[in-house]
Amino acid sequence: MPSVFIKTYGCQMNERDSEAVAAQLVAKGYTLAPSERVADVVLLNTCSVRDAAEQKAIGKMQNLAADVRKNRPEVILGFMGCMAQSRGQSLIDKLPDVDLVLGTQKFHRAAEYLDELFAGRRDKIVDVTEEEASEAKIREHVLNGGGAQAVTAFVSIMQGCNQYCTFCIVPYTRGEERSRTIPDIVAECRELVARGVREITLLGQIVTSYGKRGWSSSFSLSENPPPPDTLKRELQRKSPFVQLLEAVHEIDGLERIRFTSPHPKGYGDDLVEAYAALPKLVESAHIPVQSGSDRVLKLMHRGYTRERFLGIIQKLRRVQPGMGITTDIIVGFPGETEADFDETLSLAREVGFDNAYIFKYSQRKDTPAAAMPDQVPQEVIEARHARLLLLINEIAGHKYEQHIGGRTQILVEGPSRTNAARFMGRTRSNKIVLFDGSERHRGQLMDVQVTRTGSFTLYGDPAIVNLD
Ligand code: SF4
């Protein structure tokens, strides 16, 4: 059987989609190739959030065509994911060596289309059409990549987004919000736990909107939903997302639950309270703020104010004082003035983020922000990015130092990716801890004493490690 190599660009959702495609192909008898040089199929799972990510994937495909394809003409080359969705046939027009273009609602068709290409029934395939219930098809997992058992897994709970932030291309590449049902998600989580997974991250572009759309037609809370009136009352009390968290929390053998990404607009008190009520829901929140200026938040169509965001942080810290809080911030959004940027700096100081992913605004074709006046010059964007990065590093550095000398619980995931001689675990507040461990520690919940810090890393003392 042929072998496949998938290269992924972009976010965790893309990582998860690639994993599901890989698992689907493995189930059909494919092997996973260690590199593109030896693979029979090379797929690039693409990202459209920034122009640089698109150019990188196009450049990579040009190299594959010039290098791999030239030496082995039988190799199949394909694009999938967000850029495949937004550019479709034009990718093949531009790069005739490409055989397959698979949109964001078509991942589950990868094996079928590759069969057709291998059998020579079709020469090229482009499929970027919408497909009903495609959100429920991303469910296969590769849990033993490289021969080792995975301790953590991502579970996709929904696809798409209806928020239409003015800078974002996701609603156009991923489509309308579509949620899987709670029983379906719980069944997938149970299966993962039965296969040895101990921590699950629930994934979606806007998880706080989970189950809010398409409720009556395609979404049902349980296999036997209560009568409509009861259902309505229940929904007023708790959002579908919190009900999903509660259902996943019930799974025996599951130790930890995380989720990403929520939206501040939908971050209700029921979700804050879930952090107090559900011990498996760890003290970690990644909440994208994007800007500290109300004026810019409005231009971005984010749907909340600085005050509302700070209110959520305050409530979260009230229920879980040790909460690790991270965020996404865009610098240089059109019209962002020095005063607006100062507001972002002051918000970062006020919150005291444990980390922040800082993005330089990138114009995306067909998004409203691309046509806005007062585009910020690139050199100003670069300078603001550098200033904010410096501040975040300083704030986070202090936060990490506070852990020195303290004990913390970690879940051991395996050897460190950057230094295979050490093992890596994660605290409940989502900080990486490196320690001198061995394979027997994999999957263990254990306490370590923090001895020092590195860049966004803690180091634990193996001498006082206590195995559960
Ligand atoms: S909430 Fe905004 S930034 Fe997030 S995916 Fe939806 S449109 Fe994009």
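Everything below is about the structure shown above.
First things first, this report covers the structure right here in the doc. Keep in mind that this is a model prediction, so the values were computed, not measured.

Turning our eyes to something else, we now look at the overall build of the chain. When helices and strands are tallied, the chain shows 14 helices and 19 strands. Relative to the compact-globule value of 23 Å for 468 residues, the chain shows a C-alpha radius of gyration of 23 Å, a close match. Across the chain, the fraction of contacts at a sequence separation of at least 24, relative to all contacts at a separation of at least 6, is 73%. Carbon and sulfur atoms make up 50% of the accessible area of the chain, which amounts to about 20200 Å² in all. Taking the average location of the 59 positive side-chain charges in the chain and that of its 61 negative ones, the two points are 1 Å from each other.

Once their charged atoms are close, side chains differing in charge can pair, the charge on each being opposite to the other. If you walk through the whole model with that rule in mind, you get 39 salt bridges. In this structure, the salt-bridge partner of E338 is R387, at a minimum N-O distance of 3.2 Å. One end of the pair, E338, is in helix α13 (residues 338-351); the other, R387, is in helix α14 (residues 378-401), and 49 residues separate them in sequence. Among the residues examined, E338 registers a relative accessible area of 39% and is labelled partly exposed. Among the ionic pairs, R407 bridges to D447, the shortest N-O distance being 3.9 Å. Highlighted residues: R407 in strand β15 (residues 407-415) and D447 in strand β18 (residues 445-454), separated in sequence by 40 residues.

It is worth spelling out the sheet that holds strand β10 (residues 199-203) at this point. Reading across the sheet, the 3 strands line up as β7-β10-β11 and stay open at both edges, with parallel pairing between neighbours. On the outer flanks of this sheet lie β7 (152-156) and β11 (256-260), each paired with one strand and no other. In this sheet, adjacent strand axes meet at a mean angle of 25 degrees when their direction is disregarded. Where β7 meets β10, 5 bridges bridge the pair, whose relative direction is parallel. Within β10, the residue paired with F154 across the bridge is T201.

Further remarks concern the packing of helix α12 (residues 306-319) against α13. α13 packs onto α12 with a crossing angle of 10 degrees between their chain directions and a minimal axis gap of 11 Å. In terms of their interaxial angle, α12 and α13 are classed as roughly parallel. The residues of α13 that touch α12, namely those facing R306, F309, L310, I313 and R317, are E343, S346, L347, E350 and V351. Of the residues contributing to the contact of α12 with α13, the split by class is 5 nonpolar, 1 polar and 4 charged.

On to the site of the ligand, then. Near the ligand the following residues occur: C161, Q163, Y164, C165, F167, C168, V170, P171, I206, H263 and R302. Residue composition of the shell around the ligand, by class: 8 nonpolar, 2 polar and 1 charged.

Reading across the sheet, the 3 strands line up as β12-β13-β14 and stay open at both edges, with parallel pairing between neighbours. Unpaired on one side and paired on the other, β12 (284-286) and β14 (355-360) mark the two borders of the sheet. Across the sheet, the axes of successive neighbouring strands diverge by a mean angle of 10 degrees, strand direction being ignored. Both β12 and strand β13 (residues 324-331) contribute to a ladder of 3 bridges, which runs parallel. Bridge assignment links H286 to a residue of β13, and that residue is T326.

Of all 5 residues in β11, 5 are buried, a share of seventy percent or more. Both faces of β11 are covered, namely the face carrying R256, R258 and T260 and the face carrying I257 and F259. Direction of pairing for β10 relative to β11: parallel, over a ladder of 5 bridges. Bridge pairing in β11 links I200 to I257.

This next bit is on the packing of helix α7 (residues 182-194) against helix α9 (residues 240-249). Two elements in contact, α7 and α9, have axes whose closest approach is 10 Å; the angle formed by their N-to-C orientations is 35 degrees. The element α7 and its partner α9 pack so that their crossing is right-handed. Contacts between α7 and α9 involve I182, I185, V186 and C189 from the former and P240, Q243, L244, A247 and V248 from the latter. Residues belonging to the contact of α7 with α9 are distributed by class as follows: 8 nonpolar, 1 polar and no charged.

Let us now look at the side chain of E283. Structurally, the position occupied by E283 is in the loop between α10 (269-277) and β12. A polar contact of 2.7 Å, which involves the side chain of E283, links it to the side chain of R428. Leave out the neighbours within four places in its chain, and E283 touches Q320, G322, M323, G324, R428 and S429.

What counts as what
Residues numbered from 1 in each chain as written. Predicted model: local features only at pLDDT ≥ 70, side-chain atom pairs only at ≥ 80, totals over all residues. Heavy atoms only, no water. Helix = DSSP H or I, 4+ residues; strand = E, 2+ residues; numbered from the N terminus. Rg over C-alpha atoms; globule rule 2.2 N^0.38 Å. Contact = heavy atoms within 4.5 Å. Areas by Shrake-Rupley, 256 points an atom, 1.4 Å probe, with all protein chains shown as cover. Lys, Arg positive; Asp, Glu negative; His and termini not counted. Charge placed at Lys NZ, Arg CZ, Asp CG, Glu CD. Salt bridge = Lys/Arg side-chain N within 4 Å of Asp/Glu carboxyl O. Buried < 20%, exposed > 50% of the residue type's maximum accessible area, 1.4 Å probe, protein only. Pairing = 2+ DSSP bridges. Axes fitted to C-alpha atoms, helices over the stretch in contact; angles between N-to-C directions. Parallel < 35°, antiparallel > 145°, perpendicular 65-115°, else oblique. Nonpolar A, V, L, I, M, F, W, Y, C, P; charged D, E, K, R; others polar. Near = heavy atom within 4 Å. Left-handed = near helix turned anticlockwise from the far one by under 90°. Polar contact = N/O pair within 3.5 Å; in protein donor to acceptor, adjacent residues only side chain to side chain.

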